[in-house]
Amino acid sequence: MIPARYEASRFPAKLMQPLGDKTVILSTYEATVATGLFSEVYVVTDSELIASEITNNGGNAIMSKTPHECGSDRIAEAVVDVECDIILNVQGDEPFTNRKSLENLLAVFKGDDASKIDLASIRTPIKEQEDIDNPNCVKVVTGEDGFAKYFSRAPIPYNRAEDANVIYYKHVGIYAFRKQAILDFSKLAMSPLEAAEKIECLRFLENGRQIKMVVSTETTFGIDTPQDLIKANEYLKKHNN
């Protein structure tokens, strides 16, 4: 499931912007399909324009029936009557989704601690100070067991000791839910930390749910701003030549 809202506070209509010779949302959809991991892939959207972009190119789209504050709520509405155990949520602005990352993400539901996991997601190490300080780059800290402790747009952890070996991790907007977990999520009110940070994963943490974070070193980045789109087009041009 790929949630796709037309309006975006930081970059309105970003999903319909050109990325190479396609739109951002079509690129994300086709990259997800190309992994070959799923029998069906759907874009779930509030926009007839986005839905038409997908269906006119041979894809599957579902129109949301009611307004939603976040992608997980949008997906919860769409999957109520779908028979499944695990639901993968790829954000519509993640056009560089790749098979290896998704395989590793899904594998945790067959691991030793699978029974503890309500939601799994991806983190990737970041080193550039610009990314560490960038509020559009969501950071995550975990315990030794890989379960998330907190997500923030601020640089976390705060590196007070200059000689500390601190590794910063970016949260990548790809999630794997147990179906019941996402249905339960949609019934919860937006939590105070979620409202402050505008990070939906915090609703899970504040309600005692377990989020397993999977480390990935694959190249991926979301498109949150016009500058990100320029960077994405430059990356695409370089790697297509």
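Enquirer: Tell me about the overall build of the protein, and please be specific about residues and values.
Expert: Summing up its helical and strand segments, the protein has nine helices and 11 strands in all. Relative to the 2.2 N^0.38 estimate, which gives 18 Å for 241 residues, the radius of gyration of the protein is 17 Å and therefore close to what a compact globule would have. Considered along the principal axes of its C-alpha atoms, the protein spans approximately 55 × 40 × 30 Å. For the protein, buried positions account for 51% of its 241 residues. Excluding contacts between residues fewer than 6 apart, the proportion of contacts in the protein whose partners are at least 24 apart in sequence is 66%. If you sum the accessible surface of the protein, you get close to 12,400 Å²; carbon and sulfur atoms cover 48% of it. One way to put it: in the protein the 27 positive side-chain charges average out to a point 2 Å from where the 36 negative ones average out.

Enquirer: Help me get a handle on the packing of helix H3 (residues 71-79) against helix H6 (residues 179-186), residues and values and all.
Expert: Following both chains from N to C, one finds H3 and H6 inclined at 115°, their axes separated by 9 Å at the closest point. Handedness of the crossing formed by H3 with H6: left-handed. Along its contact with H3, which presents Ser-72, Asp-73, Ile-75, Ala-76 and Val-79, the element H6 presents Lys-179, Ile-182, Leu-183, Phe-185 and Ser-186. Its residues assigned to classes, the contact of H3 with H6 comprises six nonpolar, two polar and two charged.

Enquirer: For the layout of surface pockets, give the residues involved together with the corresponding values.
Expert: It is the rolling of a water-molecule-sized probe over the atoms that shows where space remains empty. Approximately 350 Å³ is the volume found for the second largest pocket. Taken together, 17 residues make up the lining of the second largest pocket; nearest its centre are Phe-38, Glu-40, Ile-86, Ile-87 and Leu-88. At four residues, strand S6 (residues 86-90) tops the list of elements feeding residues into the lining of the second largest pocket. Of the residues that constitute the lining of the second largest pocket, the class distribution is 13 nonpolar, two polar and two charged.

Enquirer: So, the environment of Ser-64: which residues are in play, and what are the values?
Expert: Among the secondary structure elements, Ser-64 is positioned in the loop between strand S5 (61-63) and H3. Among the residues examined, Ser-64 registers a relative accessible area of 14% and is labelled buried. Remark: the alpha-carbon pair of Ser-64 and Leu-102, spanning 38 residues in sequence, is separated by 25 Å. In this structure, Ser-64 is in contact with Val-44, Thr-45, Asp-46, Arg-74 and Glu-77, ignoring residues within four places of it in sequence. At 2.9 Å, the side chain of Ser-64 and the side chain of Arg-74 are in polar contact.

Enquirer: Outline the nonpolar core, listing residues and values.
Expert: Among the nonpolar cores identified, the biggest contains 33 residues, and Ile-25, Val-43, Leu-105 and Ile-174 are the most heavily contacted of them. Residue assignment for this core shows that the elements contributing at least two residues are strand S1 (2-4), helix H1 (24-34), helix H2 (48-55), S6, helix H4 (99-107), strand S7 (119-126), strand S10 (168-178) and helix H9 (226-240). Considering every element that reaches this core, the biggest residue donor is H1, with four residues. With near-sequence residues (within four places) excluded, Leu-105 lies in contact with Leu-88, Ala-120, Ser-121, Ile-122, Ile-174, Tyr-175, Ala-176 and Val-214. Val-140, Ile-182, Cys-201 and Met-213 belong to the second-largest nonpolar core, a separate cluster that totals 27 residues.

Conventions adopted
- Here, residues in each chain are numbered from 1, in the same order as that chain's written sequence.
- Given that the model is predicted, a residue must reach a pLDDT of at least 70 before its local features are reported, and side-chain atom pairs must reach 80 or more before they are shown or counted; all residues, however, enter totals for whole chains, interfaces and linings.
- Side-chain figures throughout are based on the complete set of non-hydrogen atoms in the structure, without hydrogens or water.
- Secondary structure elements are defined from DSSP: runs of H or I of at least 4 residues count as helices, runs of E of at least 2 residues count as strands, and each element is numbered from the N terminus.
- Just to be clear, the radius of gyration here is over C-alpha atoms, and the globule rule we use is 2.2 Å times residues to the power 0.38.
- Residue exposure (1.4 Å probe, protein chains only): buried if accessible area is under 20% of the type maximum, exposed if over 50%, otherwise partly exposed.
- Contacts are residue-level and defined by heavy atoms, with any inter-residue pair within 4.5 Å sufficient.
- Only the protein chains shown count as cover for residues, and the accessible areas themselves come from Shrake-Rupley with a 1.4 Å probe.
- Working convention for charge: Lys and Arg count positive, Asp and Glu count negative, and His plus the chain ends are omitted.
- In plain terms, the charge of a residue is placed at NZ if it is Lys, CZ if Arg, CG if Asp and CD if Glu.
- Convention adopted: a line fitted to C-alpha atoms gives each axis, helices being fitted over their contacting stretch, and angles between N-to-C directions are expressed from 0 to 180 degrees.
- The sense of a crossing depends on the near helix, which, turned anticlockwise from the far helix by less than a right angle, makes the crossing left-handed and, turned clockwise, makes it right-handed.
- In this classification, Asp, Glu, Lys and Arg are treated as charged, Ala, Val, Leu, Ile, Met, Phe, Trp, Tyr, Cys and Pro as nonpolar, and every other residue, Gly included, as polar.
- Site definitions follow a grid-based scheme: protein atoms alone, a 1 Å grid, a 1.4 Å probe that fits but cannot get out for cavities, and for pockets an open set with protein on both sides within 12 Å along at least five of seven lines, plus lining residues having an atom within 4 Å of a point.
- Grid points are joined across faces, edges and corners, and a volume is the space filled by probe spheres set on the points.
- Any pair of N or O atoms that falls within 3.5 Å is considered a polar contact. Within protein, one atom must be able to donate a hydrogen and the other to accept it, and sequence-neighbouring residues count only if both atoms are side-chain atoms.
- In this description, a nonpolar core means a group of buried Ala, Val, Leu, Ile, Met, Phe, Trp, Tyr and Cys residues linked to one another through side-chain atoms lying within 4.5 Å.

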